[in-house]
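Here are the chains, one letter per residue:
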Amino acid sequence: MFLDYIKEFFVKKSLKNNLNNVKNEVFTSNIQTIGLVVDESKFRDSKALIKELVSYGITPEKIKNIAYRRKFKKKKTYSKPTFGKKNINWKGELTEPFLKEFIETEFDLLISYYDVENIALMMVTSKSKARFKVGFSSVNTRLNRWMFNTAMEEYKLFVSELFKYLKSIK
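As a convention, each chain's residues are numbered from 1 in the sequence order in which they are written. Per-residue local features are limited, in this predicted model, to residues with pLDDT of at least 70; the limit for side-chain atom pairs, both in listing and counting, is 80 or more; totals at the level of whole chains, interfaces and linings are taken over all residues. Note: side-chain values were computed over all heavy atoms of the structure, leaving out hydrogens and water.

## Overview of the environment of D108
The condition that has to hold: Each helix corresponds to a stretch of at least 4 residues labelled H or I by DSSP, and each strand to a stretch of at least 2 residues labelled E; elements are numbered beginning at the N terminus. Classification of residues uses two cut-offs on accessible area relative to the type maximum, computed with a 1.4 Å probe and protein chains only: under 20% is buried, over 50% is exposed, and between them is partly exposed. Note on contacts: a residue pair is in contact if any heavy atoms of the two residues lie within 4.5 Å.
Its location among the elements puts D108 in the loop between α3 (97-104) and β4 (109-113). Residue class for D108 comes out buried when judged on its relative accessible area of 9%. Between the C-alpha atoms of D108 and F132, which are 24 residues apart in sequence, the distance is 6.1 Å. Apart from residues no more than four positions distant in its own chain, D108 is found in contact with N30, I31, Q32, T33, R131 and F132.

Written out as structure tokens, the structure reads:
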């Protein structure tokens, strides 16, 4: 228990350093690839969210989805790549190969679909090499380029607002 607090302290310190080095890129092109980071501890309907993204013209093959679970069991098989706090070491480095591959992928758009500040989720978002990042306004404002003030359950509103704003800047 005590060691978890110490680990969290060091991971927060690493996250703070990452947030200080964030470079905001300008959105310049059409959206071809999307990375989706979902907190499945709070929102279990990621298939419907992906379906909504597809309805706006994104092909399902171009959407890469990873999920976070607060109670993550390593031996259990999940339908999508799933991670927990245990997949981040003391230095704030991601230990799972699929997480490393995800953050190294240069997505056109990264959607951080979580509304509570969680170290593991924020670390994945901050380390991602995505060109443009969007998320919820209740999470650290330095993390995402655009932030929406909606409830997580209102995924249709979130996606429609996202594409409305994306169309207005093209």
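Anyway, onward from the coordinates.
## Structural notes on the sheet that holds β4
Using the following cut-off: What makes two strands pair is DSSP finding at least two bridges between them. Only the contacting stretch of a helix is used when fitting its axis, a line to C-alpha atoms as for every element, and angles between N-to-C directions run 0 to 180 degrees.
Taking strand neighbours across the sheet as the criterion, the six strands line up as β3-β2-β1-β4-β5-β6 in an open arrangement whose pairing is parallel. Taken across any chain shown, the strands that pair with only one partner, and hence form the sheet edges, are β3 (82-83) and β6 (146-148). Contacting β1 (34-39), β2 (63-68), β3 and β4, α3 crosses the sheet at an angle of about 130° to β2. Taken strand by strand, helix α5 (residues 155-169) contacts β4, β5 (133-136) and β6, and its axis lies near 145° from that of β6.

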